[in-house]
Amino acid sequence: MKEVGRTQAQFLLNHFHSTGATSMTIEILEGPLTDVNAKDYYDGAMELLRKYIDSGELIVKSGKTAYNDVKADSWSVADGKKDMKDRLTSYGAGECPDMILAAVDNQAQGAIDALKEAGITTMPVITGQDNTAVAQTNINDGWQTMTIDKNLRDMAYNTAMIVNGLISNSPVRTSQSISGIPAIYSKITVMTKDSY
């Protein structure tokens, strides 16, 4: 999950640098404590974003940057909407952040719902993950900017390797550790409007 966080953060930084702006606003929507992947995702994203936030190049108007401040109650669209509405209280009427780091597509959808409800018609740059059908529609319609697709064939192959290793009692070569648990990295792909 760290790699997903880094990939989304790099996407936002590429956008920031491409505009030539000296600063931009950003808000962070994160997953729940009940999912160990959520903290690893956050750590990966913040590895890249932290220095820009600390330098004031990326401005978090809500002031919510620590994991405990940005974590959600669940991965649901409803919680994503609730959290985005909370972040919008730091903005004036008709204003919103330039970029939203949404960990998954459900949170991106929740953010979109909250922004539309607030009367925003031009969406900020919004990330996502899971390449859901709803996200694909949102991206094609210009509401969401990107999502991360996880290659199912790659994940199936890695799963088969793990199962084979367990059955044959042979060591499984892992590529990373998630919260101290050995894991195998599966390929991810950034999906934008040009991808569909």
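The coordinates are above.
Residues numbered from 1 in each chain as written. Predicted model: local features only at pLDDT ≥ 70, side-chain atom pairs only at ≥ 80, totals over all residues. Heavy atoms only, no water.

1. Things to note about the environment of I53
Okay, step 1: Note that I53 resides in helix α2 (residues 36-55).
Okay, step 2: The spatial distance from the C-alpha of I53 to the C-alpha of I26 is 9.0 Å, given a sequence separation of 27 residues. (Helix = DSSP H or I, 4+ residues; strand = E, 2+ residues; numbered from the N terminus.)

2. Examining the pattern of salt bridges
Okay, step 1: One pass over the full model with this rule turns up 12 salt bridges.
Okay, step 2: With its nearest N and O atoms 2.8 Å apart, the salt bridge here joins K39 to D43. Note that K39 and D43 are positioned in helix α2 at a spacing of 4 residues, about one turn of the helix.
Okay, step 3: Judged by its relative accessible area of 35%, K39 is partly exposed.
Okay, step 4: By relative accessible area, which is 23% here, D43 ends up partly exposed.
Okay, step 5: By sharing partners, the salt bridges in this structure join K2, E3, R6 and E47 into a single network. (Salt bridge = Lys/Arg side-chain N within 4 Å of Asp/Glu carboxyl O. Buried < 20%, exposed > 50% of the residue type's maximum accessible area, 1.4 Å probe, protein only.)

3. Details of the nonpolar core
Okay, step 1: Counting 30 residues, the largest nonpolar core has I26, L49, L58, M99 and L101 as its most contacted members.
Okay, step 2: Those elements that provide at least two residues to this core are α1 (2-19), β1 (24-29), α2, α3 (67-70) and β3 (99-102).
Okay, step 3: Among the elements that line this core, the one with the most residues is α2, at 8 residues.
Okay, step 4: Leave out the neighbours within four places in its chain, and L49 touches A9, L13, I26, L58 and L101.
Okay, step 5: Among the nonpolar cores identified, the runner-up in size contains 14 residues, and M84, C96, I100 and I120 belong to it. (Core = buried A, V, L, I, M, F, W, Y, C linked by side-chain atoms within 4.5 Å. Contact = heavy atoms within 4.5 Å.)

4. So, unusual backbone geometry
Okay, step 1: Positioned with a positive phi, D130 is a non-glycine residue whose angle comes to about 120°.
Okay, step 2: Counting through the fold element by element, D130 comes out in the loop between β4 (125-126) and α6 (133-140).
Okay, step 3: Of note in the backbone geometry, N131 takes a positive phi value of approximately 55° without being a glycine.

5. Details of α6
Okay, step 1: Within the sequence span of α6, burial applies to A135, N138 and I139. For α6, the angular spread of buried residues about the axis comes to 100°, placing them on one side.
Okay, step 2: Each element contacted by the buried residues of α6 is listed here: α5 (105-117), β5 (147-150) and β8 (188-191).
Okay, step 3: After α6 finishes, the residue G142 shows a positive phi value of roughly 85°. (Arc of directions from axis to C-beta.)

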